[in-house]
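These are the residues of each chain, in order.
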Amino acid sequence: MSPFSASLRKAALTAHVTASLGWLGAVAAFFALAVAGLVSSAPRTVQGAYVAMELIGWAVIVPLAGLTLVTGVVQSLGTVWGLWRHYWVIAKLLITMLATALLLVHMQPVGHVADAAARAALVGGELQGMRIQLIADAAAAAVALVTAAALSVFKPRGLTRYGRRRQRERPLPRPAAL
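In this report, the structure presented in the accompanying data block is examined. If you're wondering where the values come from, they're calculated on a predicted model, not measured in any experiment. (Residues numbered from 1 in each chain as written. Predicted model: local features only at pLDDT ≥ 70, side-chain atom pairs only at ≥ 80, totals over all residues. Heavy atoms only, no water.)

The next point concerns the overall build of the protein chain. Along the backbone of the protein chain there are five helices and zero strands. Written out in order from the N terminus, the α and β elements of the protein chain read α-α-α-α-α. Its C-alpha atoms give the protein chain a radius of gyration of 20 Å, more than 25% over the compact-globule value 16 Å for 178 residues. Seen through its principal axes, the protein chain has C-alpha atoms that stretch 65 × 30 × 20 Å. Burial analysis of the protein chain (178 residues in total) assigns 34% to the buried set. Considering only contacts within the protein chain whose residues lie at least 6 apart along the sequence, 76% involve residues at least 24 apart. On the protein chain, roughly 10000 Å² of surface is accessible, and the fraction owed to carbon and sulfur atoms is 70%. Averaging the coordinates of the 16 positive side-chain charges in the protein chain and doing the same for the 5 negative ones gives two points 24 Å apart. (Helix = DSSP H or I, 4+ residues; strand = E, 2+ residues; numbered from the N terminus. Rg over C-alpha atoms; globule rule 2.2 N^0.38 Å. Buried < 20%, exposed > 50% of the residue type's maximum accessible area, 1.4 Å probe, protein only. Contact = heavy atoms within 4.5 Å. Areas by Shrake-Rupley, 256 points an atom, 1.4 Å probe, with all protein chains shown as cover. Lys, Arg positive; Asp, Glu negative; His and termini not counted. Charge placed at Lys NZ, Arg CZ, Asp CG, Glu CD.)

Okay, structure coming up:
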């Protein structure tokens, strides 16, 4: 039996799915801006892209990453899946925690490039390596978030030691498909 009522479980799931999809969408927008900032020859486009990336990062991506982490933990604690019973839940938790930590580290070069772009349009190869890194980081984040989503959909089998012990102590009914 789930610790949450059906309506509370659905509300928690809705919050988690909304936050994680929002995070993925914001990363896609960030990626598009990073590409535009690197390849555009229009100084205002380059400047606008990098300034917008910093704004999207701090105002949208970072809060959605934190919300995804919190709602994911709440969601797992309120369902029969649990937080420590299944390897796929632990994998999602680790992906989300790592992606959030890397995001916070990643925001430092975003700020550096945005500041440089705001002072004067980046031209030619100025900060080229850092600008390419922004694209690579956004692509890696998208892959990580899609991987976490796939784990939610496919739910690979595999109980942890704790999950096997809990199952022996009190067998849980098989969760309904989402």
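Right, let's get into a positive patch on the surface. Among the surface-exposed residues, Arg161, Arg164, Arg165 and Arg168 lie close enough to one another that they form a single positively charged patch. Here Arg161 is to be found in helix H5 (residues 161-169). (Patch = residues over 30% accessible without salt bridge, like charges linked within 9 Å, V, L, I, M, F, W, Y side chains within 5 Å. Salt bridge = Lys/Arg side-chain N within 4 Å of Asp/Glu carboxyl O.)

On to helix H2 (residues 43-77), then. For H2, which comprises 35 residues, the first-to-last C-alpha distance of 49 Å matches the rise-based estimate of 51 Å (1.5 Å per residue) to within 8%. The principal kink in H2, of about 40 degrees, is found at Gly57. (Expected span 1.5 Å × (residues − 1). Bend = angle between axes of the 7 residues up to and from the residue.)

Each pair of packed helices can be summarised by the angle the axes make with each other and by the distance between the axes. At a minimum axis distance of 9 Å, the contact between helix H1 (residues 6-39) and helix H4 (residues 128-154) shows a crossing angle of 155 degrees. Taken together, the axes of H1 and H4 are roughly antiparallel relative to one another. Judged by the twist between their axes, the crossing of H1 over H4 is left-handed. Packed against H1, whose contacting residues are Trp23, Leu24, Val27, Phe30, Phe31, Ala34, Val35, Gly37 and Leu38, the element H4 presents Gln128, Arg131, Ile132, Leu134, Ile135, Ala138, Ala139, Ala141, Ala142, Leu145 and Val146 at the interface. For the contact of H1 with H4, the residue count by class is 17 nonpolar, two polar and one charged. (Axes fitted to C-alpha atoms, helices over the stretch in contact; angles between N-to-C directions. Parallel < 35°, antiparallel > 145°, perpendicular 65-115°, else oblique. Left-handed = near helix turned anticlockwise from the far one by under 90°. Nonpolar A, V, L, I, M, F, W, Y, C, P; charged D, E, K, R; others polar.)

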